[in-house]
Amino acid sequence: MAIQPDMKRYPLMNNYGYPALEVVRGQGMNLYTADGTSYLDFTAGIAVCSLGHAHEAVAHAISKQAMELVHCSNLYRNPLRDELAGHLLRLSGLDKVFYCNSGTEANEAALKLARRYAWQQGAKDRTKLVSLPGGFHGRTYGALSVTKKPAYHEGYMPLLQDCETPESLEVVVDAIDEQTAACIVEVIQGEGGVRPVPADVLRAIEERCREVGALLIVDEIQTGVGRTGTFFAYEQIGLKPDIVTMAKGLANGMPVGAVVASEAVAAAFTPGSHGTTFGGNPLAMAAALVVVETIANEAFLTHVREVGEYLKNRLSEVGTDVSGSGLMLGMTVPDAGKFVDDARARGVLLAGAGAQRVRFVPPLIATIDDIDEMLRRVFS
Ligand SMILES: *Cc1c(COP(=O)(O)O)cnc(C)c1O
């Protein structure tokens, strides 16, 4: 049921255009409009609701927490923050965490931490931030400055200084030098079309960072928390990042972001040097604990790998240029906008990732039956 555009009476700013659907409820793999029409959701709120919509344990954790403590400033310690940190640090092998509320904020903190680390080491001219062509890191000024997409920059200049995004993946290593504070990478470029960055490119970048003393930031905002079949996508390449950022799938829809870093790097954030009002709020922490305890589990991750493999094989039979891993897959189509519209008319929600790429990022609880149903609706 497409809503007819009536922009004059639509109260939201136009940066998303007019929405194609009005959604009032979700359950598991499905979203519903007010009239009860259901849609099989292969977007999961753009790789957010990994345990599906209205997940019972998440809902209970949030409502129980809401009756105890919704907000707790970062002036005070809170046990949920420590508990979630325990998981994230064990899973990443890193030492300290900073919480925030979104992906772009996590990257913003990571970039600031990297520059401040260099500054604290006395390397005052080590300010360069290197990023990859095709990468996406968010919309705030810092994150946007390491996201080289002209359409996203239009009208917002000037951006942050000393940011460099080489023209091709192969020459990124050449941009990393003694003036580089950090290089930020995605293992699979999500917004960039679900394009895996070749493992040898990532390893060469890591090696070059070590060589010149630059930090390696891995943006796991979309790939992390089990999306690609391992808790972090970088595990599949064997990278050892200095800083890792997370957000999207971490709390099944509660706004949250997290930055984890090694002890030495994290030490650059001294009291007062960075902050947030809402970061680490108990509602998000309570939801994230359920998510992480469910997903960081070999049986769960095996499910993601198996179902992902099945989806990848089936998509390869009907589509071209299928890429990605786990339940983060992309496919090339002539017109992504039209493909997404047609799928919606057939009761399936998909997201574009560029003009000619569609993205399949269903909740990680998707079963073989859900995938067959999606394929039946979209491709028959
Ligand atoms: C979505 C995304 C971001 C930005 O996250 P927001 O929560 O929208 O600010 C950053 N990096 C990657 C890889 C993303 O997919």
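The structure we're discussing is the one just above.
Cut-offs applied
- Residues numbered from 1 in each chain as written.
- Predicted model: local features only at pLDDT ≥ 70, side-chain atom pairs only at ≥ 80, totals over all residues.
- Heavy atoms only, no water.
- Helix = DSSP H or I, 4+ residues; strand = E, 2+ residues; numbered from the N terminus.
- Rg over C-alpha atoms; globule rule 2.2 N^0.38 Å.
- Buried < 20%, exposed > 50% of the residue type's maximum accessible area, 1.4 Å probe, protein only.
- Contact = heavy atoms within 4.5 Å.
- Areas by Shrake-Rupley, 256 points an atom, 1.4 Å probe, with all protein chains shown as cover.
- Polar contact = N/O pair within 3.5 Å; in protein donor to acceptor, adjacent residues only side chain to side chain.
- Pairing = 2+ DSSP bridges.
- Axes fitted to C-alpha atoms, helices over the stretch in contact; angles between N-to-C directions.
- Parallel < 35°, antiparallel > 145°, perpendicular 65-115°, else oblique.
- Left-handed = near helix turned anticlockwise from the far one by under 90°.
- Nonpolar A, V, L, I, M, F, W, Y, C, P; charged D, E, K, R; others polar.
- Core = buried A, V, L, I, M, F, W, Y, C linked by side-chain atoms within 4.5 Å.
- Near = heavy atom within 4 Å.
- Expected span 1.5 Å × (residues − 1).

1. As for the overall build of the protein chain
Here comes step 1: Per the secondary structure count, the protein chain includes 13 helices and 17 strands.
Here comes step 2: Since a compact globule built from 380 residues should have a radius of gyration of about 21 Å, the 20 Å found for the protein chain is in line with a globular shape.
Here comes step 3: Referenced to the eigenvectors of the C-alpha coordinate spread, the extents of the protein chain come out at roughly 60 × 50 × 50 Å.
Here comes step 4: Taking all 380 residues of the protein chain together, 53% fall into the buried category.
Here comes step 5: Within the protein chain, contacts between residues at least 6 apart in sequence are counted, and of these 71% link residues at least 24 apart.
Here comes step 6: By element, 55% of the accessible surface of the protein chain is carried by carbon and sulfur atoms, the whole surface being about 16,900 Å².

2. A word on the side chain of Thr 223
Here comes step 1: Within the fold, Thr 223 resides in the loop between β10 (215-219) and β11 (243-246).
Here comes step 2: Within the structure, the side chain of Thr 223 is placed 2.6 Å from the side chain of Glu 220, a separation counted as a polar contact.
Here comes step 3: Dropping the residues within four chain positions of it, Thr 223 is found in contact with Ile 188, Thr 228, Phe 231, Ala 233 and Met 328.

3. A closer look at the sheet that holds strand β1 (residues 25-27)
Here comes step 1: In spatial order, the strands read β1-β2-β3-β15; together these four strands make up an open sheet with mixed pairing. Edge positions in the open sheet fall to β1 and β15 (348-349), since each of these has one partner strand only.
Here comes step 2: Bridge count for β1 against strand β2 (residues 30-32) is three bridges, and the pairing is antiparallel. Counterpart to Gln 27 in the pairing with β2 is Asn 30.
Here comes step 3: Packing against the sheet, helix α13 (residues 368-379) makes contact with β3 (38-41) and β15, and its axis sits at approximately 115 degrees to β3.

4. A short note on the packing of helix α11 (residues 298-318) against α13
Here comes step 1: Running from N to C, α11 and α13 cross one another at 20 degrees; their axes reach a closest spacing of 10 Å. Comparing their axes, α13 and α11 come out roughly parallel. Of the two elements, α11 crosses α13, and the hand of that crossing is right-handed. Along its contact with α11, which presents Val 307, Tyr 310, Leu 311, Arg 314, Leu 315 and Val 318, the element α13 presents Ile 368, Ile 371, Asp 372, Met 374, Leu 375 and Phe 379.
Here comes step 2: Each residue belonging to the contact of α11 with α13 can be placed in one class, and the counts come to ten nonpolar, no polar and two charged.

5. Here's the deal with the environment of Glu 263
Here comes step 1: For Glu 263, the location among the structural elements is in helix α9 (residues 263-266).
Here comes step 2: Filtering out sequence-adjacent residues up to four positions away, Glu 263 remains in contact with Asp 95 and Lys 96.

6. Quick word on the nonpolar core
If you look at soluble globular proteins, the nonpolar side chains tend to sit buried side by side.
Here comes step 1: Grouped together as the largest cluster of nonpolar side chains are 87 residues, with contacts concentrated most on Leu 88, Ile 205 and Phe 360.
Here comes step 2: Ranked by the residues each element gives to this core, the list is headed by helix α10 (residues 282-295), at eleven residues.
Here comes step 3: Beyond its immediate chain neighbours, meaning those up to four positions away, Leu 88 contacts Val 97, Tyr 99, Phe 231, Met 246, Leu 250, Ala 258, Val 260 and Val 292.
Here comes step 4: Phe 98, Ala 114, Val 146 and Ala 268 belong to the second-largest nonpolar core, a separate cluster that totals 22 residues.

7. Some details on the site of the ligand
Here comes step 1: Residues in contact with the ligand, as listed here, are Ser 102, Gly 103, Thr 104, Asn 107, Phe 136, His 137, Gly 138, Glu 186, Asp 219, Ile 221, Gln 222 and Lys 248.
Here comes step 2: Side-chain polar atom of Asp 219 to a nitrogen atom of the ligand: 2.8 Å apart, as the coordinates give it.
Here comes step 3: Between Lys 248 and the ligand, the recorded distance is 2.6 Å, taken from a side-chain N or O atom to an oxygen atom.
Here comes step 4: Relative to its free-state accessible area of 380 Å², the ligand is covered by the protein chains to the extent of 81%.
Here comes step 5: Counting residues per element, the shell around the ligand draws most heavily on helix α4 (residues 103-120), at three residues.

8. Regarding the pairing of strand β13 (residues 320-325)
Along a regular strand, successive side chains alternate from one face of the sheet to the other.
Here comes step 1: Looking at chain direction, β13 and strand β14 (residues 328-332) are connected through four bridges and run antiparallel. Paired with Gly 324 across the two strands is Leu 329, which belongs to β14.

9. Here's the deal with α4
In an α-helix, one turn spans 3.6 residues; hence positions three or four apart end up facing the same way.
Here comes step 1: Taking 1.5 Å of rise per residue, the 18 residues of α4 would be expected to cover 26 Å, and the 25 Å separating its terminal C-alpha atoms lies within 8% of that figure.
Here comes step 2: Buried within α4 we find Gly 103, Thr 104, Ala 106, Asn 107, Ala 109, Ala 110, Leu 111, Leu 113, Ala 114, Tyr 117 and Ala 118.
Here comes step 3: Capping of α4 at its N-terminal end is provided by Ser 102; its side-chain oxygen lies 3.3 Å from the backbone amide nitrogen of Glu 105.
Here comes step 4: Positioned one or two residues after α4, Gly 122 has a phi angle of 90 degrees, which is positive.

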